[in-house]
Amino acid sequence: MKLPIYMDNQSTTPVDPRVLEAMLPYYKEDFGNAASRSHAFGEHAREAVENARAKIAHLINAQPEEIVFTSGATESNNLAIKGIAEMYRDKGNHIITTTIEHKSVLDTCKFLETTGFRVTYLLVDREGLISLEDLRKAITPKTILISVMYANNEVGTLEPVNEIGKIAKEHNVFFHCDAVQAIGKIPVNVQVMGIDLVSISAHKIYGSKGIGALYVRKRNPRVRLVPIIHGGGHEDSLRSGTLNVPAIVGFGRAAEICEHEMNGEAKRTLHLREKLRKELTEKVGEVHLNGSLEKRLPGNLNMSFQFVEGETLLNEISEEVAVSSGSACTSANLEPSYVLKALGVGEDLAHTSIRFGIGRFNTEEEVDYAINRVVKVVKHLRAQSPIYSKATVGKV
Ligand SMILES: *Cc1c(COP(=O)(O)O)cnc(C)c1O
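Definitions and cut-offs
- Position numbers for residues start from 1 in each chain and track the written sequence from start to end.
- A pLDDT threshold of at least 70 governs which residues receive local features in this predicted model, and a stricter bar of 80 or more applies before side-chain atom pairs are shown or counted, although totals over entire chains, interfaces and linings include all residues.
- Note that the side-chain values use all heavy atoms of the structure and ignore hydrogens as well as water.
- Throughout the structure description, domain borders are defined by an automatic or database domain assignment.
- A contact between two residues is defined here by any heavy atoms of the two lying within 4.5 Å.
- Think of a salt bridge as a Lys or Arg side-chain nitrogen and an Asp or Glu carboxyl oxygen that are within 4 Å of each other.
- In this description a helix means any DSSP run of H or I spanning at least four residues, a strand means any run of E spanning at least two, and both kinds are numbered starting from the N terminus.
- Residues are grouped as follows: nonpolar covers Ala, Val, Leu, Ile, Met, Phe, Trp, Tyr, Cys and Pro; charged covers Asp, Glu, Lys and Arg; every other residue, Gly included, is treated as polar.
- Partly exposed describes any residue whose relative accessible area lies between the buried limit of under 20% and the exposed limit of over 50%, with all areas from a 1.4 Å probe on protein chains only and scaled to the type maximum.
- For patch building, the residue pool is restricted to those with more than 30% relative accessible area and no salt bridge; the joining distance is 9 Å between like charges and 5 Å between nonpolar side chains (Val, Leu, Ile, Met, Phe, Trp, Tyr).
- Here the accessible surface of atoms and residues is derived via Shrake-Rupley with a 1.4 Å probe, and residues count as covered only by protein chains that are part of the display.
- Only when DSSP finds a minimum of two bridges between them are two strands counted as paired.
- Axis lines are fitted to C-alpha atoms, over the contacting stretch for helices. Their N-to-C directions set the angle, which ranges from 0 to 180 degrees.
- Here a pair means two rings of Phe, Tyr or Trp (six-membered ring of Trp) with centres within 6.5 Å. Their orientation is stacked below 30 degrees between planes, edge-to-face above 60, and tilted elsewhere.
- Whether a charge sits over a ring comes down to the Lys NZ or Arg CZ being within 6 Å of the ring centre and within 35 degrees of the ring normal.

**A word on the domain arrangement of the protein chain**
Item 1. Here the protein chain is partitioned into domain 1 (5-11 + 262-391) and domain 2 (17-257).
Item 2. Each of domain 1 and domain 2 has a C-alpha centre, and the two are 29 Å apart.
Item 3. Listed by partner, the interface residues are 27 residues for domain 1 and 33 residues for domain 2.
Item 4. Run the count over domain 1 and domain 2 and you get 0 salt bridges.
Item 5. Broken down by secondary-structure element, the contributors of at least two residues to the side of domain 1 that touches domain 2 are helix H8 (245-284), strand E10 (300-305) and helix H10 (338-342).
Item 6. Examining the composition of the side of domain 1 that touches domain 2, we find that 4 residues originate from one element, H10, more than from any other.
Item 7. For the side of domain 1 that touches domain 2, the residue count by class is 11 nonpolar, 11 polar and 5 charged.

**So, helix H4 (residues 103-113)**
Item 1. Within H4 the residues assigned to the buried category are Ser-104, Val-105, Leu-106, Thr-108, Cys-109 and Leu-112.
Item 2. For H4, the secondary structure elements touched by its buried residues are helix H3 (73-87), strand E3 (94-98), strand E4 (118-122), strand E5 (143-147), strand E6 (174-178) and H10.

**Structural notes on a nonpolar patch on the surface**
Item 1. On the surface, a nonpolar cluster with roughly 350 Å² of combined accessible area is contributed by Val-15, Leu-20, Leu-24 and Tyr-27.
Item 2. Its place among the elements puts Leu-24 in the loop between helix H1 (17-23) and helix H2 (40-59).

**Examining the sheet that holds strand E9 (residues 287-289)**
Item 1. The strand order E9-E10-E13-E12 describes an open sheet built from 4 strands, whose pairing is antiparallel. The sheet terminates laterally at E9 and strand E12 (324-325), the two strands that pair on one side only.
Item 2. Sheet topology note: the E9/E10 ladder contains 3 bridges and is antiparallel. Paired with Leu-289 across the bridge in E10 is Met-303.
Item 3. H8 rests against E9, E10 and strand E13 (353-357) of the sheet, and its axis sits at about 10 degrees to E10.

**Section: the packing of aromatic side chains**
Item 1. In total, this model carries 5 aromatic pairs according to the counting rule given.
Item 2. Judged by centre distance (5.6 Å) and plane angle (85 degrees), the rings of Tyr-206 and Phe-361 are edge-to-face. Of this pair, Tyr-206 sits in the loop between strand E7 (197-201) and strand E8 (212-216) while Phe-361 is found in the loop between E13 and helix H12 (364-383), placing the two residues 155 residues apart along the sequence.
Item 3. By relative accessible area, Tyr-206 is classed as buried at 2%.
Item 4. Given a relative accessible area of 38%, Phe-361 falls into the partly exposed group.
Item 5. The cationic tip of Lys-82 hangs over the ring face of Phe-111; the distance from NZ or CZ to the ring centre is 5.3 Å.

**Some remarks on the sheet that holds E7**
Item 1. Read from one edge to the other, the open sheet built from 7 strands follows the order E2-E8-E7-E6-E5-E3-E4, with strand pairing classed as mixed. Since the sheet does not close on itself, it has two edges, and those belong to strand E2 (67-70) and E4, each with one partner. Mean inter-strand twist for the sheet, computed between neighbouring axes without regard to direction, equals 20 degrees.
Item 2. As paired strands, E2 and E8 are joined by 4 bridges and run antiparallel to one another. Residue pairing in the sheet places Val-68 in a bridge with Leu-214 of E8.
Item 3. Docked against the sheet, H2 engages E2 and E7, running at close to 115 degrees with respect to E2.
Item 4. Where H4 meets the sheet, its contacts fall on E3, E4, E5 and E6, and the angle it forms with E4 comes to roughly 150 degrees.

Following this line, the structure appears as structure tokens:
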């Protein structure tokens, strides 16, 4: 076992060796431009891209021509939301989203508010779930888009996408879903779920960074978008720019591996996550699970450790186990996470929260190591904490 252990797979995932292997020829002999029609170099590249597109489409039960390659899910979210807003402006100026979306959705919506759009940010409950009743009530004749994520990146909560899809359809409103964390981990089926646009990112499914996709429904109903990047007309004119062929090939391979291994992998990561959760709960005590126990991404665990200083805890753990904190990502900014806040987690507990992201390459041995390390650090910090000794007087 090698230290430090990587256990932050909601942040990014390592490239699967099989993905890298698929990519390498496209950095070497198969370096052609997929838009060059006049020779075999271009033809090989184009075939490889189309092959990858088909694999990604297959993973979510879409058609290949419904997949648009982007630089990642941040761009996909921007293209989906701005693209719909611009295209259907005459129909309405109202968008519905949630308070716990990724910043690339929230900040895009905030930007649109400065250009005359009205945005409803649905609140979530203690588990991070939106209320379908609230959603129904928020829809007006001016609503053109509902954008709700499938799995939250911090607390792993799974939103009721099937029901949201039905409600969207009933009201003739488009449904965009940031499914970055769900894709490849749990089944996503755009037909069954009634999703019109889906954002995907390769580096969250063991592919490379800087490549992603947007699924854009072509029929029942056909979704039209105004592009945000103009140029040579690549990707059906929705996203101009020379395609990153090696990254796309890897993305396709990554999607294919996910499709084949998803069921087994979900069981395994769920087992490891539950082991982590149960043992930490038993051995540390005074811990709180953030998010939902049932409606949760298999590999995600977000826990708060009462009576410890969050920053110190994270620092001492992360020398050996790489995890994320529930405070904002910049160490200069110690604001607690807006997602935990939205769930109603108090500031104190939000500050001591840790997100464990268990992924494909984590082993049981690593999970055991992480448990021991966290138990040791938390006990040590609590032993030094005046608040802890005060709070536990008479209890021990
Ligand atoms: C990582 C992530 C994104 C952004 O994806 P990039 O490809 O890194 O731009 C968007 N939404 C969610 C839920 C994410 O986890």
